[in-house]
Amino acid sequence: MSTRAERYAHRIEAQAEALFRRIVLAPPGSWHRREPGGWSPSVTVAHICEFLPYWSSRLAVLASNPGSSWGRPEDDPDRLAGIEPGALLEPPAACERLH
């Protein structure tokens, strides 16, 4: 019988694999194309690549301070610095960075 943490880990792994498949199979012309008022697939993946390590590093702080506020402004320089270059990556490099 698996633990709750193991079930969550398997679920996250399955979702990551599904995301990798979607990135690799994205039609070449759609990867950097932004819809009006939206993000391109490359910008979306760049956000994921940026927030995963950030929030992973914050988990211990959040867990040890229940009820504390969390988050950061949209114009946080570290946040933007991670997104802008990531949005320029092509799918194989984006998968590598995400992994």
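Refer to the structure above for everything that follows.
Residues numbered from 1 in each chain as written. Predicted model: local features only at pLDDT ≥ 70, side-chain atom pairs only at ≥ 80, totals over all residues. Heavy atoms only, no water.

Asker: How do you make sense of the packing of helix α1 (residues 4-24) against helix α4 (residues 91-98) when you look at a structure like this?
Answerer: How two helices sit against one another is set out by the angle between their axes and by the gap between those axes. The N-to-C vectors of α1 and α4 enclose an angle of 165 degrees; their axes lie 9 Å apart at closest approach. Of the possible angle classes, the one that applies to α1 and α4 is roughly antiparallel. Between α1 and α4 lies a crossing of right-handed hand. For the pair formed by α1 and α4, the contact residues are Leu-19, Phe-20, Ile-23 and Val-24 on the first element and Pro-91, Cys-95 and Leu-98 on the second. Tallied by class, residues from the contact of α1 with α4 come to 7 nonpolar, no polar and no charged. (Axes fitted to C-alpha atoms, helices over the stretch in contact; angles between N-to-C directions. Helix = DSSP H or I, 4+ residues; strand = E, 2+ residues; numbered from the N terminus. Parallel < 35°, antiparallel > 145°, perpendicular 65-115°, else oblique. Left-handed = near helix turned anticlockwise from the far one by under 90°. Contact = heavy atoms within 4.5 Å. Nonpolar A, V, L, I, M, F, W, Y, C, P; charged D, E, K, R; others polar.)

Asker: Would you explain α4 in this entry?
Answerer: The periodicity of an α-helix, 3.6 residues per turn, causes residues three or four positions apart to be oriented the same way. Residues of α4 that are buried: Pro-91, Ala-94, Cys-95 and Leu-98. The buried residues of α4 occupy one face: seen down the axis, they fall within an arc of 100 degrees. Turned more than 90 degrees away from the buried face of α4 sit Pro-92 and Glu-96, all of them exposed. The secondary structure elements touched by the buried residues of α4 are α1 and α2 (41-64). (Buried < 20%, exposed > 50% of the residue type's maximum accessible area, 1.4 Å probe, protein only. Arc of directions from axis to C-beta.)

Asker: Please explain the side chain of Ser-30 as it appears in this structure.
Answerer: By secondary structure assignment, the location of Ser-30 is in the loop between α1 and α2. Within the local environment of Ser-30, its side chain forms a polar contact with the backbone oxygen of Pro-27, the two atoms lying 2.8 Å apart. (Polar contact = N/O pair within 3.5 Å; in protein donor to acceptor, adjacent residues only side chain to side chain.)

Asker: Any chance you could explain the packing of α2 against helix α3 (residues 77-86) here in plain terms?
Answerer: Contact geometry for α2 and α3: axes closest at 8 Å, N-to-C directions at 135 degrees. Judged by the angle between their axes, α2 and α3 are oblique. The interaxial crossing formed by α2 with α3 has right-handed handedness. In contact with Ser-42, Ala-46, His-47 and Glu-50 of α2, α3 contributes Asp-78, Arg-79, Gly-82, Ile-83 and Gly-86. Looking at the contact of α2 with α3, its residues break down into 2 nonpolar, 4 polar and 3 charged.

Asker: Hey, could you run me through the layout of surface pockets in this one?
Answerer: Unfilled space is identified by rolling a water-sized probe across the atoms. The space that makes up the largest pocket amounts to roughly 290 Å³. Together, Ile-12, Gln-15, Ala-16, Leu-19, Phe-20, Ile-48, Phe-51, Leu-52, Ser-56 and Leu-98 line the largest pocket. Every element with two or more residues in the lining of the largest pocket is listed here: α1 and α2. With 5 residues, the top contributor of residues to the lining of the largest pocket is α1. Broken down by class, the residue content of the lining of the largest pocket amounts to 8 nonpolar, 2 polar and no charged. Volume-wise, the second largest pocket comes out at about 160 Å³. Around the second largest pocket, the lining residues are Leu-19, Arg-22, Ile-23, Ala-26, Pro-27, Ser-30, Trp-31, Pro-41, Thr-44, Val-45 and Ile-48. Going through the elements one at a time, α1 and α2 are the ones with two or more residues in the lining of the second largest pocket. A total of 4 residues in the lining of the second largest pocket trace back to one element, the largest contributor, which is α2. Residues of the lining of the second largest pocket, tallied by class, amount to 8 nonpolar, 2 polar and 1 charged. (1 Å grid on protein atoms, 1.4 Å probe; cavity = no way out; pocket = protein on both sides within 12 Å on 5 of 7 lines; lining within 4 Å. Points joined across faces, edges and corners; volume = space filled by probe spheres on them.)

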